[in-house]
Each structure stands twice: as structure tokens, then as C-alpha cells.
Amino acid sequence: MKDTVTIVTGGSQGIGRAIADFLADKGGNIAVFDIVDGSETVNSVTGKGRRSEFFSVDVSNLSAVEAAVDGVVKKMGKIDNLVNNAGITADKLLLRMKEDEWDRVIRVNLKSAFNCTKAVLRHMLKTGGSIVSISSIAGVMGNPGQSNYAASKAGLIGFTKSIAKEYGERNIRANIVAPGFIKTKMTEILDEKSKEEMLKMIPLKKYGEPSDIAHAVYFLLSEYGSYITGEVINVNGGLHM
Ligand code: NAP
């Protein structure tokens, strides 16, 4: 990980922020792609003696992503890794879900991976590289009220396996981390009753921390994961096995 450059989308807070911090602890430099100001992450990473740049970019917009990726190469010299982490929810039962709620979630969660992966591949084809996309337990087992979100997260798995097959011979690996219930602002909004019900079903009897996801991402990106591609690692306390 030492001296590598990793793009972390949605790296300003939550799981993305934890990934940026942990990779920096391991010697990595971080480019943060987010629509929310990323200066806290940048300060934290540079405080560890590593380089970090923030790019204000909507990852669902291909031309904006291409410009930001070119910016990373210009400012940081290269791209070794990509973490497709930015994501949103817009939960509703299907009968009540508006077309825009479907489109928005697919665009931000799934099309963003197409945008970012396509843009970095142009550089990685010359050097090799590693890509980890953050799916979800909902994409693996489905979840009522989340048909849009689950479809986007299941789509990421098929997308990733295809990229792993297309570019393995160019020394580019692509893997998935599928979190269960992790303590971030995305899960904060759930009501207490749903959270209690969820906790009862988790064999390890605790929610995950953003750092639990960061550790799995590091494993896959680093030399420890060098013979792993097209894989899905579930990090969910046993909620789904
Ligand atoms: P979070 O705290 O909401 O952080 C996600 C970041 O991505 C936010 O800064 C968000 O900005 C940003 N973002 C949203 N849309 C974007 C766009 N179009 N372009 C660039 N950045 C954008 O979420 P999190 O809980 O850390 O989740 C991170 C990833 O893990 C997501 O893909 C999520 O689906 C997945 N995940 C989370 C959990 C969990 O329990 N937390 C479980 C399974 C999977 P805004 O604040 O403006 O939206």
C-alpha cells in the first residue's frame, strides 16, 4: 500500500472516510471524490504524513468523473486503486416508489461504478490496478422497501465479476465488499424498533463499525489479496451466510 494512490468515492464521511484513514495508516495516498466537502478526510490523511486531494464530483456524471480522474493523474501522478463506495438510499415499497427514486439510486450506486471504473481503466491498463466496490447485504439477499437499492447493489456484483474476467490478464483485479448493518448516517435514520429487530438477528450481537469495512477493503486492495479477483466478501456479523 505504501506510496499507492487510491481514489475513494464518497470518501468525505462514513465508510469512505474510514477506508481513506485506514489506507493512509498503511502508507497510501488518497484522492477523495464526493459531493460533500472532503476537507476533514484530506486533513486527516495529510496529518498521517500522506498525500490527499479532494475532488468535488458527482460520480453519476461520466464527463465530471473523467475530468476528476485526469485531475488525479495530473496532481498525484498515477492511479493504483479505485474504491467505488459512494451510495444513497431512497427506500419505499415498490408500489409507492417514484420513477425518479428508482433512477436516482441506480445512477448514483451503479452507473457511478461504470463511470469511475471506465475512467480509471484507461490508466490501469498500462500499470495494473485493483478495484473494490461496496455492495450491500441487500444486494445479496434482497430487502423489502429497498428494491431500487438492492437492484443497484446486486448489479455491482455482476458488473465486478465481468470486469474481473475482462481485465484479469492485464493485472487488474476487481472485488466486492458487501457490508451488513454499519453505524453511519445512512443507518442512523432507521427507527429504533427496526434497529433492535436487526440486532437480534445478527449472530455477533453488534452493529458493524466503518473500520470493519475498511479492513476488508485494505485486504483486497493490498498484496494480501493479490490472488483474489471476482470475489464477494460479506462483512455483516453473520447476518447473512
Ligand atoms: P454515507 O455516510 O451517506 O456516505 C456516503 C458518501 O457518498 C456521502 O458523503 C454522500 O454524500 C456521498 N455521495 C452521495 N451521492 C454521491 C454522488 N452522486 N457523487 C459523489 N458522492 C456522493 O454512507 P455510508 O453508510 O458510509 O455508505 C457507504 C457505502 O456503503 C454506500 O455505497 C452504501 O450503500 C454502502 N453500505 C452501507 C451500509 C451501512 O450500514 N451504512 C450497509 C451496506 C452498504 P451525501 O451525504 O450528500 O449523500
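Residues numbered from 1 in each chain as written. Predicted model: local features only at pLDDT ≥ 70, side-chain atom pairs only at ≥ 80, totals over all residues. Heavy atoms only, no water.

**Here's the deal with the packing of aromatic side chains**
One pair of aromatic rings is described through two measures. These are the centre distance and the angle between the planes.
Link 1 in the chain: Inspection of the entire model under this criterion finds four aromatic pairs.
Link 2 in the chain: Taking the centre distance of 6.4 Å and the plane angle of 65° together, the rings of Tyr218 and Tyr224 count as edge-to-face.
Link 3 in the chain: Grouping aromatic residues by their ring pairs yields a cluster made of Phe22, Tyr218 and Tyr224. (Phe/Tyr/Trp six-rings, centres within 6.5 Å; stacked < 30°, edge-to-face > 60°.)

**Thoughts on the pattern of salt bridges**
Link 1 in the chain: Scanning the model with the defined rule gives 14 salt bridges in all.
Link 2 in the chain: For Asp3, the salt bridge goes to Arg50, with nearest N and O atoms at 2.8 Å. Taken together, the residues span a long stretch of sequence, with Asp3 in the segment before strand E1 (5-9) and Arg50 in the loop between helix H2 (39-47) and strand E3 (52-56) at a distance of 47 residues.
Link 3 in the chain: Asp3 gets classed as partly exposed once you look at its relative accessible area, which sits at 39%.
Link 4 in the chain: Residue Arg50 is classed as buried on the basis of its relative accessible area of 18%.
Link 5 in the chain: When salt bridges with common partners are traced through the structure, they connect Lys2, Asp3 and Arg50 into a single cluster. (Salt bridge = Lys/Arg side-chain N within 4 Å of Asp/Glu carboxyl O. Helix = DSSP H or I, 4+ residues; strand = E, 2+ residues; numbered from the N terminus. Buried < 20%, exposed > 50% of the residue type's maximum accessible area, 1.4 Å probe, protein only.)

**Structural notes on the packing of helix H1 (residues 14-25) against H2**
Link 1 in the chain: At a minimum axis separation of 9 Å, H1 and H2 run at an interaxial angle of 15°. By the angle between their directions, the pair H1 and H2 is classed as roughly parallel. Note on packing geometry: the crossing formed by H1 with H2 is right-handed. Taken together, the residues of H2 that come into contact with H1 (itself represented by Arg17, Ala20, Asp21 and Ala24) are Glu40, Thr41, Ser44 and Val45. (Axes fitted to C-alpha atoms, helices over the stretch in contact; angles between N-to-C directions. Parallel < 35°, antiparallel > 145°, perpendicular 65-115°, else oblique. Left-handed = near helix turned anticlockwise from the far one by under 90°. Contact = heavy atoms within 4.5 Å.)

**Quick look at the side chain of Ser52**
Link 1 in the chain: Its place among the elements puts Ser52 in strand E3.
Link 2 in the chain: On the accessibility criterion, Ser52 (9% relative accessible area) is buried.
Link 3 in the chain: There is a polar contact of 2.9 Å between the side chain of Ser52 and the backbone oxygen of Ile30.
Link 4 in the chain: When near neighbours in sequence (up to four residues on either side) are disregarded, Ser52 contacts Ile30, Val32, Val42, Val45, Thr46 and Met76. (Polar contact = N/O pair within 3.5 Å; in protein donor to acceptor, adjacent residues only side chain to side chain.)

**Observations concerning empty space enclosed by the protein**
Link 1 in the chain: Counted under the stated rule, the structure contains one cavity of 30 Å³ or more.
Link 2 in the chain: Approximately 30 Å³ is the volume attributed to the largest cavity.
Link 3 in the chain: Forming the boundary of the largest cavity are Asn84, Asn85, Ala86, Asn109, Ser112, Ala113, Ile134, Lys153 and Leu156.
Link 4 in the chain: Per-element tally for the lining of the largest cavity: the top contributor is helix H4 (residues 99-127), with three residues. (1 Å grid on protein atoms, 1.4 Å probe; cavity = no way out; pocket = protein on both sides within 12 Å on 5 of 7 lines; lining within 4 Å. Points joined across faces, edges and corners; volume = space filled by probe spheres on them.)

Keep in mind these numbers describe shape, not what the thing actually does.
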